[in-house]
Structure formats: C-alpha cells, structure tokens
Amino acid sequence: TDRVKCSDFHPTEAWALAALYSGNLFIWDYNTQTLVKQIEVCSLPVRCAKFVFRKQWIVTGSDDMQIRAFNYNTLERVHAIEAHSDYIRYLAVHPTLSYLLSGSDDMTIRLWDWDKNWQNTKTFEGHAHYVMMVQWNPKDDHIFASCSLDRSVRVWGITGGSTSSHFSLDGHTKGVNCVEYSPSGEKPYLVSGADDKTVRVWDYQTRRCVHTLVGHEGNVTAAVFHPTLPIIMTGSEDGTLRVWHQHTYRLETTLKYLLERCWSIAVQPGSNHACIGFDEGAMVIKLGSDEPIASMKGGKIIWAKGNEIQTVNLKLADDASADGEKITPSVKDMGSCEIFPQSVAHHPNGRVFAVCGDGEYVIYTAQALRNKSFGSALDFAWSTEGHYATRDASGKVAVFHDFKEAFAFKPPFAAEEIFGGDLLAVRSSDFVCFYDWAEYRLVRRIDVTPRTIIWSLSGEFAVLVCPDSFFVLKYDKTTVAAALAAGQVDEEDGVEDAFDLLQEVNEKITSGYWVSESFVYTTVSQRLQCLTAGQTETLAHMDGNFYLLGYFEENGKLYLVNKELELVTYVLNLAFVNYQAATVRKDIATAEQLFEEIPEELHNRVARFLEHQGQPERALEITRDPDHKYDLAMGLGKFHLAADIIEATDPASTSGSTIGTKWKSLGDAALEQGDFTLARKCFTEAKDMSALFLMSTANGDAKTLKATAEQARAEGKYNIAVTSYLLLSDLNACLDVLVEAGRLPEAGFFARTYCPSQLKRIVTLWKEDLKKVNEQVAASLADPTEHAELFPDYELSVQAEALCAKKRSKPIPAKQYTSVRDMLEMQIVDEMKSNPNFEKEFLGLGGAAAPAPAAA
C-alpha cells in the first residue's frame, strides 16, 4: 500500500485499520490477509484513524483540517467538521464517554463531544509548536497527555474550568513525535519518542525520566507499551522496529521488514498482535513465540533467518560435542526467500522443502534455492509419501500429487489449520478430521483441537499435541483400508476403529519427534523426555527453550534448536530404542539380538526399562548400578544377594550413612522373614544398637547382648550399654560406663544402691568434678568412710553386695523363675539383721538375679 501514517485494531473482529498518506482507509482481515473494506476519505493525507466500536465508526483526521466519522459497516460518512486551522496530527477516542481529542499543527488540542452535535467543548493551548499526539490516561480517563515539536510532553485535565496543562515533562532535545501511557496498573509510566532518536520512559507522578532508550538511528515516530507482554515497542524512520524489555530496558530484538520508514505501531489489549505502519505498507505480527522456523531431514537442516534461508550439513559438523553443549556447525546461506517465512518443512525424501508465509507458499530445491512450485496458502502440509496439501483464505483445502493439484475440497466446517502425515488432518475450532490423501474421504473425526500432530515414520503411531496435554494414538491401517473398500464409513465420524488411544499424558509440550516406537519431546519446563510403552524417562534438563528438529541415525543424536538458531545435541542410542520396542512387542529373540548392540554404559537404563516392564529378574542380571541392583534384590526377596551387593560397595564412592541405611533396611526385612543370623549381621554392620538389643533380649542371647553392650559403649550409646550390662548383672561395668559418660551423679546413686564398695571412689570423682563449678556444693558431698553416721548399715550393705556377687556366679535357669521371683523384692540388709542364718539360706536358693543389697 501507500505510506501508512496510522494503524488500529478492531476490538472484536480480526481487522487491522490503516490510514494512508494517499487519503484512503484500508481494513484488512489479518487472519486471512485479505482486504475487507476500503474508504476514500479525501485527496490529502489521512494522518490518523481510529475505531469507535460502540458507535461502529471510524473517525479520521486529515490534512484538509477536517474530522470525519464513517460507519464501517455501510461505509457511509456520518459526520464531517472543519476542526482546526492546520493539519490534524492525531485523534484519541475516550474509552467510555462521547469525547474525542484532536491535536493539530495549529498548536492546539480540542475536545469534541459527538453526543452534543460535535460541539467543541474545550480548547487547550500551551504548546509552542505542532501537537503531534494526544493519549488518554487509562487509569484516570479525565487526564490526557500530549507531545509536541516544542520538545515537551504535557499532561492535562478535562475537568474544571482550566485549559492549561497540569505540568510538563521536559528532557528531549528535539521535537517529540509520540507519547503513550502504560496500560499496566503497576507503575505510573508513560513513554515518548522524539527526533533526538531517543525514547524516554517517564514517571508522571514524580515527573522524572526513569530511563532513556538509545539505539535508533533515525527519528522515533512510534512508541507503545505492549498490553500483555513486558515489552516496549518503538518504531523509527530508520526502518526498524525495536523491542525493549519493559523492566530491564534491555534491547531484546531489532526487526527489519525492509518496508522503509516506520510511522505507527498499534497493539490490541488481550492479544499478542501488533500492527506496524511503514512507508511501503502495514504488517501485522504476533509476538511471544520462541519457536524457530526450521526443519531437518537426512542430516541437513534448513532454517529461516528473517527472509534469508540458510542450511546446515550435519555430516560436516563436529561430532564430538557433549550432551546439551551448543555446537557451531558451518552455516551456508542459500539466498533470500520471496516471502517472509512463517514455517519451513522438508519433503519426506529431503530433496525439496516448502516455505509458507504471507499467505503464500514456495517449494524450493534443497541443494540450491530454486523455485519448484508456489501458490497461495495459509497452511502447508506434506504427506509421508510426498504429496502435499494447502489451505487458502477461503477455507479450501487442495491436495497435490507430483506437484499437480489432484483434488480440492471445502470441509463442511470452518477449517482453521491443516496437518500432514499418514493422513491429512483438518482442524476446526472444536474437532479435527482425518482424510485420505488419495481422495476426499473422511477416515476419522476426533473431538480434540490439537495445535500440531506428529506421526511416527512407520505411520503406526500419532501424537495429538493439545495446549495442556497430548494423546498417543495407534493407527490401524488394515481396518481403515477394509472399511474404505467396503464403503463402511460413517459420514460424520468416519471409521470408528481407525485409532486406538494408547495414552493421555498431562504435560505441556513444545515439540516432539518419533524415534522408532519411542516419542521424544520437549516440555515447557525445559525437559527433554522420552515416552516408550507408557513409561516416561527424562533424558536431560535443558538450558533454555529448545525445540526438536529430528534424529540423525548416523551418529545416534537428537538435534534441537532455539529461537536464536543455536544447536544442541543429545545422544539417543537407536539399538536401545529398538530393543524397547521389541520388548514391548514381546519379540524376545529380536530383543536379545538388539541387546548385544547396546553399549554397556546404557545397561543401567535397559535394566530400569525392564523393571518397569515387569521383568525384575532380567533387570537384576543386566544392571551395573549397585543401588539399583540392591533395590531389585530386595524387591525379589534375595536378601543374601543384597548383603553381598552391600559388601561389594566401594566405601570411597558411597557415604557411610547410605551404606548403614541399606544394612538397616536389609536387617529389618531379614528379621521380618525370620532370618535372625542375617538380621544380626545387618544390624551389626549398621551399628543399630537398638535392634541388636531387641533381638538379644527377645532371644535370651547373653553372648550377643554382651557384644551389643561393648559395641554400644564404644559407639558412645551409653543408655543401651548400661541397660545391657545391667541385664547381664555386670554392675561394675554399668558403673564404669556411667563414669565414662561423665554422668557422675547417676554413678553415685547407682553405687549407693548396687555397688556400695565403690561409693568412696565415685564420691571422690564427683567432688573433683563438682569443684570446677561450685566448691561449696562439692564440699557438701559426704564420704561414707569419713561420715559413717550419715550412712546407716553401710558395712552391712557392703557385705550384702559381696553376697549378691556370689549368688550371681550361679545363674538360675529361666524355668525356675516362679520359685525365686519373690527374691527380687527382698530387702537383703533387713534380712541379714533379723535372720542369723540368712546367708546360708540365701545362697542355698541356687543363684538369682541381683536384688538391691541396700534398703532404699
């Protein structure tokens, strides 16, 4: 078109409005890329045009100094008024009221009320040069901002009687061409662009410049905050559109569409679309997608860099890169494409590729950029046999065989997108229909709306990628062929048994590729995953958003690319993938042959796959991972093998706590199965004193209990040591443990009760220790040898201790417990006082556990 001075979006229709320097208005449907309406306004430039949705109008301002309103349905002129005495630069429609602001070269801003017969209700004066733009404040619709070639940005109000500006924002060194408020409620910002080639971000509350964006090489003519993305878009007479990060103010990208000077940028609330007006036309772009325009086939990659087509030969690339490491292959420029590429796709044989964009498609040869075929198309799709299909703006789908149109059809619904593969898929807003490539025959309708469909090379499997999940389907070619031949096809739903749903995976994925019968895909969380027979395995966590291009069998690597056209690779062994497929098919012979081709470093992955397939015995034979082997042995109940695995573990490569945990788990399992010998060994290796104490006391195993006591004493587990020695009637050992533990008060009371002969030694130690804290308290401790009056019957208690020691030297069998149990409650000192023959009677009982020799 001619020079586009202003652009705007319709809020509900897919329309982009362009005001032309030639005096015309064009309304384009940016989905179908067709001209919807055209209005001849005047013979002079129309510098501004805006939709007024609630009135179904378009209002215009032009160089003939008139404001006009047109009904965009009937294209009739509703009103016209001579509004200014010089060119009208800009119009701003109030978001709710019947107000229209106009800015002019006569240096005034005027407020118009169309409900009052287009009365000029106020005129604002204050600028000293042309008024280039006016904008309403979205947070306060009684405030507006303006900019002028007098180098200022001014803020005004429509309430009250004043027509002077509230304040001025000064900082630009040359005339200001554009101003825009931030639609976000986060910060009170507005942005301005000027002839000084800079863009300034202002805080209109503090009235200070927050940041200056520098980079344009010509006058800045347009600057807007994007309504949904955190970016600022700026356009300039240098022909570039620059995108800046709204928070960091970093330059994210510079777009060049080779359409000469940029004059306007329009954005649409709730959408990622933007309309940019240039000298040579207007362009609607969609922002926010990171997916690169690239395709891979047979070891060669084709990608688009702007209009330039480049190729990479993977056979010449460095093959020594590690997984996830960016590679720098040799990139060859093929030439410039006639259209701006929006998708690139290889023919199945790799000899040609198709570029689709700007409502057209071109098929080029892959060796050199020679045009083989072209036409109009919004979508393009290849079949696995090399046929292709296109969808045009009218919704017609055309199928080509050998680059000649074989047949065409218009589905009985609004076709929104087509997909290639073994079947031709046509998606509507509610469902997708699969058609035969040979002729117009419905194969199956499925009530989902995929954004892409990915077929396996064999044509046996297909993945329907939906926004929040994906479905894995199995395609039954035989059933479909028989149904089509017999004419048993439902006109609305197709062949009922054409597809079997194998799995639904609730995962948001960005790209995918079939390698044999395994589906490899990338997720929005930047993971590379592989799905085989219902089992998902994470291959890698990627550093950034990368998209799968394909698999190169010669080096066994997956190739991925990002928006910046950087390549990374990940190894995926084909023999392993085919082994998985054969195992799932239960083709044991083929699986065993393929296993011989799998490198040993992948055996652990094979073992984990077999475990998930319900073959733990085979997995145990294959795995080389000690942890996995231990888990498998435990799961199979092979406890002695699990013990051998732990013993064979290199302590240097595994932490002691991990080994101890394994021994403990194995001991618990062995104890549950009644294997006490193995359980005792495991608890000993795990140094689990509590378990050993439980086992030895439950079994009456004095030997193990003694070993447990000694080990607990060595490990500093004094409670278990004291309890064990007490059960063993080794009272001196109990006392020694308490002293070692520094628990001298407890040792003192223990000695007073069980070992009075040791009391003097313990009291001495206690006093020495207590002196370090409080000498006065230490002096208050009484020694029985020095203060006998404080220890009545002390000598008798010492005798009783010796008597009990003799008694313990002759252990009593457990079967005699009922006959001697009363002795446990006996007060020996009292008995010695009252019964002269007590010693003889006591020792004649045949031995006993030690009662307390002294009274409490």
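Scoring rules and cut-offs
Residues numbered from 1 in each chain as written. Predicted model: local features only at pLDDT ≥ 70, side-chain atom pairs only at ≥ 80, totals over all residues. Heavy atoms only, no water. Salt bridge = Lys/Arg side-chain N within 4 Å of Asp/Glu carboxyl O. Buried < 20%, exposed > 50% of the residue type's maximum accessible area, 1.4 Å probe, protein only. Helix = DSSP H or I, 4+ residues; strand = E, 2+ residues; numbered from the N terminus. Polar contact = N/O pair within 3.5 Å; in protein donor to acceptor, adjacent residues only side chain to side chain. Contact = heavy atoms within 4.5 Å. Pairing = 2+ DSSP bridges. Axes fitted to C-alpha atoms, helices over the stretch in contact; angles between N-to-C directions. Patch = residues over 30% accessible without salt bridge, like charges linked within 9 Å, V, L, I, M, F, W, Y side chains within 5 Å. Areas by Shrake-Rupley, 256 points an atom, 1.4 Å probe, with all protein chains shown as cover. Lys, Arg positive; Asp, Glu negative; His and termini not counted. Charge placed at Lys NZ, Arg CZ, Asp CG, Glu CD.

1. Notes on the pattern of salt bridges
In this structure the tally under the stated criterion is 36 salt bridges. Residue R445 is joined to D447 by a salt bridge in which the shortest nitrogen-to-oxygen separation is 3.0 Å. Residue R445 is classed as partly exposed on the basis of its relative accessible area, which comes to 28%. Between D736 and R761 there is a salt bridge whose closest N-O contact spans 3.6 Å. Remark: R761 occurs in helix 15 (residues 759-771) and D736 occurs in helix 13 (residues 731-740); sequence separation between them is 25 residues. A residue is classified by how much of its surface remains accessible, and D736, at 30% relative accessible area, is partly exposed. When salt bridges with common partners are traced through the structure, they connect R3, R261 and D279 into a single cluster.

2. Some remarks on the side chain of H172
Mapping H172 onto the fold places it in the loop between strand 16 (167-170) and strand 17 (176-181). H172 sits in the buried class, given a relative accessible area of 6%. Only 3.5 Å separates the side chain of H172 from the side chain of T198, close enough to count as a polar contact. If sequence neighbours within four positions are ignored, H172 has contacts with R151, S192, G193, A194, D196, T198, R200 and W202.

3. What about the pairing of strand 23 (residues 240-245)?
Of all six residues in strand 23, six are buried, a share of seventy percent or more. Taking every second residue as pointing to the same face, both faces of strand 23 are buried, with T240, R242 and W244 on one and L241, V243 and H245 on the other. Strand direction decides the pairing type here: strand 22 (residues 231-236) and strand 23, joined by five bridges, are antiparallel. Following the sheet pairing, M233 is matched in strand 23 by V243.

4. With respect to the sheet that holds strand 13 (residues 131-136)
The strand order across the open sheet formed by four strands is 13-14-15-16, and the pairing between neighbours is antiparallel. Strands with a single pairing partner mark the edges of an open sheet, and in this sheet they are strand 13 and strand 16. On average, each strand axis in the sheet is inclined to that of its neighbour by 20 degrees, with strand direction left out of account.

5. Examining a negative patch on the surface
Judged by side-chain charge, D490, E491, E492, D493, E496, D497 and D500 come together as a negatively charged surface patch. Structurally, D497 can be placed in the loop between helix 1 (477-486) and strand 48 (499-505).

6. A look at helix 2 (residues 574-584)
With respect to burial, helix 2 is a largely interior element, eight of its eleven residues being buried. Here helix 2 has its buried residues at A575, F576, V577, Y579, Q580, A581, A582 and T583. With a side-chain oxygen positioned 3.1 Å from the backbone nitrogen of A575, the residue opening helix 2 is N573. Just downstream of helix 2 lies K586, where phi reads positive at about 65 degrees.

7. Some words on the sheet that holds strand 30 (residues 308-313)
Here four strands make up an open sheet; going across it, the order is 28-29-30-32 and the pairing antiparallel. Every other strand in the sheet has two partners, leaving strand 28 (294-297) and strand 32 (331-336) as the edge strands with one partner each. Taken over all neighbouring pairs, the strand axes of this sheet differ in orientation by 20 degrees on average, direction set aside. Examined bridge by bridge, strand 28 and strand 29 (residues 300-305) share four bridges and lie antiparallel to one another. For K297, the partnering residue across the bridge sits in strand 29 and is K300.

8. Here's the deal with the environment of T753
Structurally, the position occupied by T753 is in helix 14 (residues 744-754). Remark: the alpha-carbon pair of T753 and E801, spanning 48 residues in sequence, is separated by 9.4 Å. A polar atom in the side chain of T753 sits 2.9 Å from the backbone oxygen of F749.

Keep in mind these numbers describe shape, not what the thing actually does.
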